[in-house]
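# Topology and contacts: notes
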Amino acid sequence: LACRSGDLGLDGLRILSPSAADALSRHHGELILDGIESIDPVVAEALARHEGDLRLNGIHVISEGVAEALACHRGRIALYGVKELTDGVAGILARHRGGLWFGGLEALTDVQARLLATVDGELLIGGLRSLSDSQATALATHEGDLSLADLETLPDHQALVLSGHVGGLDLPSLMTLSPATAAALAASVGALKLSGLASLKEEVAEALGRQHGEQHL
């Protein structure tokens with residue numbers, strides 16, 4: 001299987017031995033192991049040698065040892081099953097190059113926001129319905145595409161802060177925008193994605209029309 005190119009989905013696997021992980025590390029392309037619920041540092045070290053996106057969405061807890069290994073991976077890593085991080089793990093994973101996807105975080109400290117903002121590559125944070133001002137300020141410093149997948153509210157002043165972000169900004173769960181928030185987001189120069197908007201008032205459309213970057217509504 002590892003000799004095949006392209007996406008390789010093995011969601012039925014529940015346990016991954018070090019030898020199997022070593023074999024799969026030779027695969028080129030996206031490797032999907034969403035059925036695996038836990039891995040040890042030895043298995044993580046083997047998977048880190050894999051070239052391509054790595055999906056480990058069944059894992060709920062990341063130890064510092066596993067984080068150290070995964071941080072060496074080159075390619076995007078999806079960890080949608082992780083509900084919370086320690087500051088230590090966040091700091092280690094922030095060294096990863098290639099992008100991180102957290103689809104189900106139930107909490108994020110201001111320290112963790114500052115650490116994750118240093119990720120080199122795409123950063124997706126899902127699970128959070130709102131941000132603190134300090135979190136918005138921290139995440140705005142991230143360079144690369146930023147997706148706040150479940151953000152449902154965005155005050156005008158936070159929108160203005162995030163508009164300074166360098167890279168694309170994806171806010172798919174915002175269903176409405178005030179004219180003030182739209183005007184703030186229009187200051188963004190990267191791609192702006194607002195796919196959750198159910199309707200656009202004339203004032204909102206006019207404000208967004210002043211944005212010079214690519215838009216997906």
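Above this text sits the structure in question.
Description of the structure in this document.

Thresholds, definitions, all that
- Residues numbered from 1 in each chain as written.
- Predicted model: local features only at pLDDT ≥ 70, side-chain atom pairs only at ≥ 80, totals over all residues.
- Heavy atoms only, no water.
- Salt bridge = Lys/Arg side-chain N within 4 Å of Asp/Glu carboxyl O.
- Helix = DSSP H or I, 4+ residues; strand = E, 2+ residues; numbered from the N terminus.
- Buried < 20%, exposed > 50% of the residue type's maximum accessible area, 1.4 Å probe, protein only.
- Core = buried A, V, L, I, M, F, W, Y, C linked by side-chain atoms within 4.5 Å.
- Contact = heavy atoms within 4.5 Å.
- Pairing = 2+ DSSP bridges.
- Polar contact = N/O pair within 3.5 Å; in protein donor to acceptor, adjacent residues only side chain to side chain.

Tallying each qualifying case throughout the model produces eight salt bridges. Notably, a salt bridge pairs Arg76 with Glu122, separated by 3.2 Å at the nearest N-O pair. In this pair, Arg76 is assigned in the loop between α3 (64–70) and β4 (77–78) and Glu122 in the loop between α5 (110–116) and β6 (123–125), connecting sequence segments 46 residues apart. A relative accessible area of 23% places Glu122 in the partly exposed class. We note a salt bridge from Glu152 to Arg129, for which the minimum N-O separation is 3.6 Å. Of the two residues, Glu152 is situated in the loop between β7 (146–148) and α7 (156–162) and Arg129 in the loop between β6 and α6 (133–139); the sequence distance between them amounts to 23 residues. Given the relative accessible area of 46%, Arg129 is considered partly exposed.

Looking now at the nonpolar core. Membership of the largest hydrophobic core comes to 65 residues, with the highest contact counts inside it found for Leu33 and Leu47. Setting aside anything within four residues of it in sequence, one finds Leu47 in contact with Leu16, Ala21, Leu31, Leu33, Ile39, Leu54, Leu56 and His73.

Counting through the fold element by element, Gly81 comes out in the loop between β4 and α4 (87–93). C-alpha of Gly81 to C-alpha of Phe102: the two residues are 21 residues apart in sequence and 7.7 Å apart in space. Setting aside residues no more than four positions away along its own chain, Gly81 makes contact with Asn57, Ile59 and His60.

What the 10 strands build is an open sheet, ordered β1-β2-β3-β4-β5-β6-β7-β8-β9-β10; its pairing is parallel. Strand pairing shows two members of the sheet lacking a second neighbour, β1 (8–9) and β10 (215–216), which therefore form its edges. Where strand β8 (residues 169–170) and strand β9 (residues 192–193) come together, two bridges link them in parallel fashion. By the bridge assignment for β9, Leu169 is matched with Leu192.

What follows is about the environment of Glu122. When the C-alpha positions of Glu122 and Ala69 are compared, they lie 19 Å apart, and in sequence the two are 53 residues distant. Among the polar contacts made by the side chain of Glu122, one reaches the side chain of Arg76 at a distance of 3.2 Å. Polar contacts involving the side chain of Glu122 include one to the side chain of Trp101, which spans 3.3 Å.

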